[in-house]
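Residue-level structural notes
One letter stands for each residue in the lines below.
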Amino acid sequence: MASIGQTTPPTARNSALIEGKRRAALLPDCLIEARRIANTVIAGWHGRRRRGPGENFWQFRPYAAGESLMKVDWRRSARDDHAYVRDMEWEAAHTVWLFADLTPSMNFRSELAPVSKEHRALVLLLAIAETLLRSGERVGYPGLMEPVANRNGAEKLAHLLAAAPDIPSVLPDTQMVRGPSEMIIIGDFLDTPDALFSRIAPLSERGLKAHLAEIADPAEESFPYSGRTAFADPETGQELTLGRAESLKNAYLEQYLARRDMIADTARRSGWTFFTHHTDRPASEALTAMHMRLSGISGGPR
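The text that follows walks through the structure, step by step, so that each part is easy to find. (Residues numbered from 1 in each chain as written. Predicted model: local features only at pLDDT ≥ 70, side-chain atom pairs only at ≥ 80, totals over all residues. Heavy atoms only, no water.)

Attention now goes to the overall build of the protein. The helix and strand tally for the protein stands at seven helices and ten strands. For the protein, buried positions account for 43% of its 302 residues. When contacts within the protein are restricted to residue pairs at least 6 apart in sequence, long-range pairs at least 24 apart make up 71% of them. Carbon and sulfur atoms provide 53% of the accessible area of the protein, an area that totals close to 16,600 Å². (Helix = DSSP H or I, 4+ residues; strand = E, 2+ residues; numbered from the N terminus. Buried < 20%, exposed > 50% of the residue type's maximum accessible area, 1.4 Å probe, protein only. Contact = heavy atoms within 4.5 Å. Areas by Shrake-Rupley, 256 points an atom, 1.4 Å probe, with all protein chains shown as cover.)

This is the structure in structure tokens:
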């Protein structure tokens, strides 16, 4: 039976189906690796707990001169020569929204790296989700998963990524990101930077913070090509063949690094964070770098 309406060309539909099956086959291994990395990093993952209004006990601390005596825990103080105050853990619903660029350019893997950019992005995405959920945060994915707080949230996200027929290729509308929230965006950021900032600028205007994690293959910033080389654009399929690839190296690197500097500078001026992770480095380094930025600690890789 024929249907009325706009249809997707068979070639595009088949391509999307093949891509979906390939990613679905990749995700179980990514989830296993993400949990392994989370287990190794979680011991040093101090979370973002702090004292404040709440119902859950956090810690005892020495009484400070000038504080109300009503705050003193006399039972605990009776066991020592000092007066102690019972601090409660600050409770506030905090959501971290995650998003990963899974467009064709992320499939790239050179001989210098053990995994593709997509593989590393998925592992980092799921590892961040795992560690945040263990720390009591809520995690969501725009256009795919509403914020959850349960421990199996990373597994749920992996399942949704594997089963979704059409994962958003660009950051969806961010109007759902409200309240005390932050956003983590993982990708290679090879598209026009203006396109990225136009999507997340509303976050800055609403006082929300974004963290940008650039995933880069080492060949992308060393350009180890020479002689006759054919280059293909994974997004459009267009090809460029050069007789002497090395003649393009300096101009390419200048534009490639200028793009990164522009993104880093714009992020800084917007109050966001930005760092680059290379796929020939351990994924745990990227997870630690992201934890530092979520915790407001300066330093680490740019």
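Looking now at the pairing of strand β5 (residues 145-148). Two faces make up the sheet, and in a regular strand the side chains alternate between them. Summarising the sheet, strand β4 (residues 138-141) and β5 pair through two bridges and their orientation is antiparallel. Paired with Val139 across the two strands is Val148, which belongs to β5. (Pairing = 2+ DSSP bridges.)

So, about the side chain of Thr229. Positionally, Thr229 belongs in strand β8 (residues 229-232). Within the structure, the side chain of Thr229 is placed 3.3 Å from the backbone oxygen of Ser226, a separation counted as a polar contact. Excluding anything up to four places from it in sequence, Thr229 contacts Leu240, Thr241, Leu242 and Ala245. (Polar contact = N/O pair within 3.5 Å; in protein donor to acceptor, adjacent residues only side chain to side chain.)

A few words now on helix α4 (residues 153-163). Taken residue by residue, α4 has Gly153, Ala154, Leu157, Ala158 and Leu161 as its buried positions. Burial along α4 is one-sided: seen end-on, the buried residues are contained in an arc of 140°. Turned more than 90 degrees from where α4 packs its buried face, His159 and Ala163 sit exposed. (Arc of directions from axis to C-beta.)

As a volume, the largest pocket reaches approximately 910 Å³. In terms of lining residues, the largest pocket is bounded by 26 residues, among which Leu190, Phe231, Ala232, Pro234 and Tyr252 are the most central. Every element with two or more residues in the lining of the largest pocket is listed here: β8, β9 (239-242) and α6 (249-269). Of the residues contributing to the lining of the largest pocket, the split by class is 14 nonpolar, five polar and seven charged. (1 Å grid on protein atoms, 1.4 Å probe; cavity = no way out; pocket = protein on both sides within 12 Å on 5 of 7 lines; lining within 4 Å. Points joined across faces, edges and corners; volume = space filled by probe spheres on them. Nonpolar A, V, L, I, M, F, W, Y, C, P; charged D, E, K, R; others polar.)

So, on to the pattern of salt bridges. One pass over the structure, following the stated rule, counts 16 salt bridges. As a salt-bridge pair, Asp188 and Lys117 come within 2.9 Å of each other at their nearest N and O atoms. Placement of Asp188 in the loop between β6 (181-187) and α5 (193-205) and of Lys117 in helix α3 (residues 117-134) is noted, with a sequence separation of 71 residues between them. Exposure remark for Asp188: the relative accessible area of 2% places this residue in the buried category. Taking the shortest distance from any N to any O, the salt bridge between Arg260 and Glu214 comes out at 2.7 Å. With Arg260 in helix α6 and Glu214 in strand β7 (residues 209-216), the pair connects residues that are 46 residues apart, well separated along the chain. Arg260 sits in the buried class, given a relative accessible area of 9%. For Glu214, a relative accessible area of 0% corresponds to the buried category. Beyond isolated ion pairs, a larger network of salt bridges with shared partners links Arg35, Glu130, Arg134 and Glu155. (Salt bridge = Lys/Arg side-chain N within 4 Å of Asp/Glu carboxyl O.)

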